[in-house]
Amino acid sequence: MGKIKKIGVLTSGGDAPGMNAAIRSVVRTCSYYNVECIGVYQGYQGLIEGQFEKLNARSVSNIISRGGTILKSARSLEFKTIEGRKKAFDNFKEEGLDGLIVVGGDGSFTGAMLFQKEHGVPVIGIPGTIDNDIFGSDLTLGYDTAMNTVVDAIDKIRDTASSHNRLFFIEVMGRDAGFIALNTGIAGGAEEILIPEENLGLDRLVESLKVSSRSGKSSSIVVVAEGEKSGKNVFELAEYVEDNFEEYEVKVSVLGHMQRGGSPTVVDRVLASRLGVAAVEGLLDGQSNVMVGVINNKVKRTPLERAIKEHNEIDSELLRVADIMSV
Ligand code: F6P
């Protein structure tokens, strides 16, 4: 592969606050190194359809504070096929691109890896997902912002829950990972936290809520990750608890996609700025097939394959803290 003179950047999969800050960082780093930068719209679908736009340092003015992604995002089914990736490569070549930066989660990185393998295209990933479920980075873009959004919501629900002596089940995002639920549960003072990585069991849940109630609590909050493994959805869980425990009136609040929006926090803006620089410099350095992330507050590169296959473990210390805090 020759010198990198033109880099494409796209955002893919579920959007996350901080993606705009990452685009800004990639574009400005390219500008700093006199490399051309092309924004690809609609994730991989835009690569297949040739939706390109030349971006310069001024095209990304004032987007650092905005949620969502100016390049739009998509989960492209066509890119999952060999033919789709071939079309994407034809456009990539025609546009004269030398490398690609993909901001997204594990599904997006799987696509990047296949694209690299089949067409020898240099690719670098930036972890962007509110779920924080990517190996090779202590934090993913959007996670900190989403947690702050969730805690703000829990605090508000707590006000009304305690005024009415109610038990609330609050469902938060996290299809396969409980990082948002566990941390916001601790920060929001939840009585119980249900995550995909640990199955508390329904009987223990009811028992623990009874203990809380007997200890004089005027409200209870259970934070539930959407992917938790009791086999019941949050409404069924609430019904089960209501049937087995009549002291409290039970309500459900599903926070949903509001968790994916909003202005990114300082943590996400700084993370995005650092990772955008690292991604462009990585390509210029001849790196490929890696993700840039932060580990112990240092920027590190991890092979995409490991980023996809391996998983960050839930910190058992946090589970213990959550348990102690709910006495
Ligand atoms: O992958 C991030 C995530 O926020 C998950 O926690 C959630 O299950 C999913 O996206 C929902 O995404 P969508 O509504 O885009 O399908």
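Everything that follows concerns the structure shown earlier in this document.
Everything quoted here is computed from the prediction, not taken from an experiment.

**Q** Go over the overall build of the chain, please, and point to the residues and values.
**A** Along its length, the chain carries eleven helices and eleven strands. Its C-alpha radius of gyration of 22 Å places the chain within 12% of the 20 Å reference for a compact globule of 327 residues. With respect to the principal axes defined by its C-alpha atoms, the chain has extents near 70 × 35 × 30 Å. Classification of the 327 residues of the chain by burial places 54% in the buried group. Restricting to contacts in the chain with at least 6 residues of sequence separation, those with at least 24 account for 76%. Of the roughly 14400 Å² of accessible surface on the chain, 48% is carried by carbon and sulfur atoms. Across the chain, the centroid of the 36 positively charged side chains sits 8 Å from that of the 45 negatively charged ones.

**Q** Summarise the site of the ligand; cite the residues concerned and give the values.
**A** Within the structure, the ligand sits among Arg75, Thr129, Ile130, Asp131, Met173, Gly174, Arg175, Glu226, His257 and Arg260. Here Arg75 contributes a side-chain N or O atom positioned 2.9 Å from an oxygen atom of the ligand. Arg175 has a polar side-chain atom sitting 3.3 Å from an oxygen atom of the ligand. Coverage of the ligand by the protein chains reaches 76% of its 400 Å² of free accessible surface. In terms of residue class, the shell around the ligand is built from two nonpolar, three polar and five charged.

**Q** Explain the nonpolar core to me, using residue names and the numbers behind them.
**A** Counting 59 residues, the largest nonpolar core has Ile7, Val26, Ile101, Ile126, Ile170, Val172 and Ile221 as its most contacted members. Other than its neighbours up to four places away in sequence, Ile7 contacts Cys30, Val35, Glu36, Cys37, Ile38, Leu97, Gly99, Ile101, Val280 and Leu283.

**Q** With reference to specific residues and values, describe helix H6 (residues 179-187).
**A** Among all positions in H6, only Phe179, Ile180, Ala181, Leu182, Thr184 and Gly185 are buried. At the exit of H6 stands Gly189, carrying a positive phi of roughly 70°.

**Q** Can you break down the environment of Lys229 residue by residue, with the values?
**A** Within the secondary structure, Lys229 sits in the loop between strand E8 (220-225) and helix H8 (234-244). For the pair Lys229 and Gly201, spaced 28 residues apart in the sequence, the C-alpha separation amounts to 8.9 Å. For Lys229, the residues in contact, after removing those within four places along its chain, are Ile195, Pro196 and Asn199.

**Q** Would you mind going over the pattern of salt bridges in detail, with residue names and values included?
**A** Enumeration according to the criterion identifies 16 salt bridges in this entry. A salt bridge links Arg85 to Glu118; the nearest nitrogen and oxygen atoms lie 2.8 Å apart. Here Arg85, found in helix H3 (residues 82-94), pairs with Glu118, found in helix H4 (residues 106-119); they are 33 residues apart in sequence, far enough to count as distant. Residue class for Arg85 comes out buried when judged on its relative accessible area of 4%.

**Q** Please provide a residue-by-residue account of the packing of H6 against helix H11 (residues 316-325), values included.
**A** Relative orientation of the contacting elements H6 and H11 amounts to 35°, with a least axis distance of 10 Å. Crossing of H6 over H11 shows left-handed handedness. On H11, the residues touching Leu182, Asn183 and Ile186 of H6 are Leu318, Leu319, Val321 and Ala322. Looking at the contact of H6 with H11, its residues break down into six nonpolar, one polar and no charged.

**Q** Any details on unusual backbone geometry? Residues and values, ideally.
**A** With phi around 65°, Lys72 is a residue other than glycine that occupies positive phi space. Looking at the element boundaries, Lys72 is found in the loop between strand E3 (52-55) and H3. Unlike most non-glycine residues, Asn297 shows phi in positive territory, near 65°. Secondary-structure assignment places Asn297 in the loop between strand E10 (290-295) and strand E11 (298-303).

**Q** Before we move on, could you go through a negative patch on the surface and cite the residues and values that matter?
**A** A cluster of acidic residues, Asp106, Asp176, Glu197, Glu198, Glu226 and Glu313, forms a negative patch at the surface. Residue position: Asp106 is located in helix H4.

The rules behind each value
Residues numbered from 1 in each chain as written. Predicted model: local features only at pLDDT ≥ 70, side-chain atom pairs only at ≥ 80, totals over all residues. Heavy atoms only, no water. Helix = DSSP H or I, 4+ residues; strand = E, 2+ residues; numbered from the N terminus. Rg over C-alpha atoms; globule rule 2.2 N^0.38 Å. Buried < 20%, exposed > 50% of the residue type's maximum accessible area, 1.4 Å probe, protein only. Contact = heavy atoms within 4.5 Å. Areas by Shrake-Rupley, 256 points an atom, 1.4 Å probe, with all protein chains shown as cover. Lys, Arg positive; Asp, Glu negative; His and termini not counted. Charge placed at Lys NZ, Arg CZ, Asp CG, Glu CD. Near = heavy atom within 4 Å. Polar contact = N/O pair within 3.5 Å; in protein donor to acceptor, adjacent residues only side chain to side chain. Nonpolar A, V, L, I, M, F, W, Y, C, P; charged D, E, K, R; others polar. Core = buried A, V, L, I, M, F, W, Y, C linked by side-chain atoms within 4.5 Å. Salt bridge = Lys/Arg side-chain N within 4 Å of Asp/Glu carboxyl O. Axes fitted to C-alpha atoms, helices over the stretch in contact; angles between N-to-C directions. Left-handed = near helix turned anticlockwise from the far one by under 90°. Patch = residues over 30% accessible without salt bridge, like charges linked within 9 Å, V, L, I, M, F, W, Y side chains within 5 Å.

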